[in-house]
Amino acid sequence: MPGSAGEASAADYRPLLFSVAYGMTGSVGDAEDIVQDAFLGLTRARRAGTTIADPKAYLTTAVTRLGINHLKSARVRRETYVGDWLPEPVVVPADDPGPAEHAELADSLSMAFLVLLEALSPVERAVFMLREVFGYGYPDVARITGKTEVNCRQIFVRARQRIAAGARARDSAPPPARRAEGKEFARRFFEAADGGDMVALLDMVAPDVVWHGDGGGKAQAAGKPLGGRQRVTRLLVGILRRGRLLGTSLRLAWVNGQPGAVVYDAEGRVVTVVELDVADGLVQAIRAVVNPDKLGHLGPVSDLARRPGPE
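Since the model is a prediction, treat every value here as computed from it, not as a measurement. (Residues numbered from 1 in each chain as written. Predicted model: local features only at pLDDT ≥ 70, side-chain atom pairs only at ≥ 80, totals over all residues. Heavy atoms only, no water.)

Digging into a nonpolar patch on the surface
Alright, step 1. A contiguous nonpolar surface patch, about 320 Å² in accessible area, is contributed by L245, L246 and L304.
Alright, step 2. Within the secondary structure, L304 sits in the segment after β7 (282–289).
Alright, step 3. For L304, a relative accessible area of 32% gives the class partly exposed. (Patch = residues over 30% accessible without salt bridge, like charges linked within 9 Å, V, L, I, M, F, W, Y side chains within 5 Å. Areas by Shrake-Rupley, 256 points an atom, 1.4 Å probe, with all protein chains shown as cover. Salt bridge = Lys/Arg side-chain N within 4 Å of Asp/Glu carboxyl O. Helix = DSSP H or I, 4+ residues; strand = E, 2+ residues; numbered from the N terminus. Buried < 20%, exposed > 50% of the residue type's maximum accessible area, 1.4 Å probe, protein only.)

A short note on unusual backbone geometry
Alright, step 1. Phi at N256 is positive, roughly 50°, even though this residue is not glycine.
Alright, step 2. With respect to the element layout, N256 can be found in the loop between β4 (249–255) and β5 (258–264).
Alright, step 3. Given a relative accessible area of 0%, N256 falls into the buried group.
Alright, step 4. For D280, which is not a glycine, the phi torsion comes out positive at approximately 55°.
Alright, step 5. Assignment of secondary structure puts D280 in the loop between β6 (270–279) and β7.
Alright, step 6. A residue is classified by how much of its surface remains accessible, and D280, at 78% relative accessible area, is exposed.

A word on the layout of surface pockets
Alright, step 1. What the largest pocket holds in volume is close to 690 Å³.
Alright, step 2. Every residue lining the largest pocket is counted, 29 residues in all, and those nearest its centre are I239, L240, V263, V271 and T272.
Alright, step 3. The set of elements that each furnish at least two residues to the lining of the largest pocket consists of α10 (179–194), β2 (205–214), α12 (229–245), β4 and β6.
Alright, step 4. Here the lining of the largest pocket gets 7 residues from one element, more than from any other, and that element is α12.
Alright, step 5. By residue class, the composition of the lining of the largest pocket is 18 nonpolar, 6 polar and 5 charged. (1 Å grid on protein atoms, 1.4 Å probe; cavity = no way out; pocket = protein on both sides within 12 Å on 5 of 7 lines; lining within 4 Å. Points joined across faces, edges and corners; volume = space filled by probe spheres on them. Nonpolar A, V, L, I, M, F, W, Y, C, P; charged D, E, K, R; others polar.)

Looking at the sheet that holds β4
Alright, step 1. Spatially, 7 strands are ordered β1-β4-β5-β6-β7-β2-β3 in an open sheet, and the strand pairing comes out mixed. Each of the sheet's edge strands pairs with one partner strand only, and the pair in question is β1 (91–93) and β3 (226–227).
Alright, step 2. Of the pairings in the sheet, the one linking β5 to β6 comprises 5 bridges and is antiparallel in character. Bridging across to β6, G260 finds its partner in E275.
Alright, step 3. Contacting β2, β4, β5, β6 and β7, α10 runs over the sheet at an angle of about 150° to β4.
Alright, step 4. Sitting on the sheet, α12 touches β2, β3, β4 and β7, and the angle it makes with β2 is about 50°. (Pairing = 2+ DSSP bridges. Contact = heavy atoms within 4.5 Å. Axes fitted to C-alpha atoms, helices over the stretch in contact; angles between N-to-C directions.)

Examining empty space enclosed by the protein
Alright, step 1. Overall, the coordinates contain 2 cavities of 30 Å³ or more when judged by the stated rule.
Alright, step 2. Taken as a whole, the largest cavity spans an internal volume of roughly 60 Å³.
Alright, step 3. If you go around the largest cavity, the residues you meet are L71, A74, R75, R78, L117, E118, L120 and R125.
Alright, step 4. Among the elements that make up the lining of the largest cavity, the one with the highest residue count is helix α3 (residues 55–79) (4 residues).
Alright, step 5. In terms of residue class, the lining of the largest cavity is made up of 4 nonpolar, no polar and 4 charged.
Alright, step 6. For the second largest cavity, the calculated volume is near 50 Å³.
Alright, step 7. Around the second largest cavity, the lining residues are A219, V270, V271, V290, P292, L295, V301, S302, L304, A305 and R306.
Alright, step 8. Residue composition of the lining of the second largest cavity, grouped by class: 9 nonpolar, 1 polar and 1 charged.

Focus: the packing of aromatic side chains
Alright, step 1. Summed over the entire model, instances satisfying the criterion amount to 6 aromatic pairs.
Alright, step 2. An angle of 5° between the planes, with centres 5.7 Å apart, marks the rings of F18 and Y22 as stacked. A residue pair is termed a helical-turn pair when its members lie 3 or 4 positions apart in one helix, as F18 and Y22 do in helix α1 (residues 14–25) at 4 residues.
Alright, step 3. Taking relative accessible area as the criterion, F18 reaches 1% and is therefore assigned buried.
Alright, step 4. Aromatic side chains F185 and F189 sit 6.5 Å apart centroid to centroid with 10° between the ring planes, which places their arrangement in the stacked category. Of the two residues, F185 and F189 are both situated in helix α10; the distance of 4 residues between them amounts to about one turn of the helix. Accessibility classification places F185 together with F189 in one group, the buried group.
Alright, step 5. Here a set of aromatic residues connected by ring pairs shows up, and it is made of F113, F128, Y138 and F156.
Alright, step 6. A cation over a ring is seen here: R131 above Y138, with NZ or CZ 4.5 Å from the ring centre. (Phe/Tyr/Trp six-rings, centres within 6.5 Å; stacked < 30°, edge-to-face > 60°. Lys NZ or Arg CZ within 6 Å of the ring centre and 35° of its normal.)

Focus: the pairing of β5
Alright, step 1. Within β5, 7 of the 7 residues are buried, which leaves it mostly tucked inside the rest of the structure.
Alright, step 2. Burial along β5 is two-sided: the residues Q258, G260, V262 and Y264 and P259, A261 and V263 are all buried.
Alright, step 3. In the sheet, β4 pairs with β5 via 7 bridges, with the strands oriented antiparallel. Paired with V255 across the bridge in β5 is Q258.
Alright, step 4. Between β5 and β6, which pair antiparallel in sequence order, lie 5 residues; one of them, G268, sits at a positive phi of approximately 80°.

Spelled out as structure tokens, the structure:
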């Protein structure tokens, strides 16, 4: 993604800027706010008479530094988060002819990868993501983060060591040519789960598959990761069975570049988003976002899964 501004307008960089901000925060809403603040800063600078020779470089720098500041202020909230933390999902309907503006680059930021990035400090996260995900050279990374080039190299090596498992998570999103295959896999998987076909379902999950549920203390979700083929498949089948009794429906979708689905209630409100982490033809992990605070950008949110409030 690095390069000069060229002839394109600054608005053409919005997908890249959103992906940088989303990679920093793991939040769609916060990413949109950061991008908007960066554009406002550009407008103010131009109105003040400042010549911006490279709007892309200006905006990328602004978004990255705003993201670093956001993470520093959000650190305490993350440390006190209830249960499993998952990023806000970026969702594209499975039958969409092309990726949505926000999802075009965010596809490279799978949930697994974003969870791994949580282990890094804000500056480490910025350096690692700019270099690893977006392919910026060290001189550009240094300029964007305000660090020296030597320091950026050291930070990147340290960050890569801290999330050594990130290679598979980083490359887990299927390429466009294999999306039809992923869509078909997800269709068969959810049909088996919805129909309670345990034989077919067990053949599609890894022996050490893990379930991650993010309710944030506000919705019903597993309090900690749940592992094992039998336990995970039984949980999924049970959830879908209860959902059918309540009139829910399921629509296939791409979730952070991975096959998945969105579950809606009888009124068409979002109940949960489910991402399937597929590798070697098997589901390695299932991630379900139920926290209503992380679903509002997808439309009205259902109260089916909400925990009852204090009386």
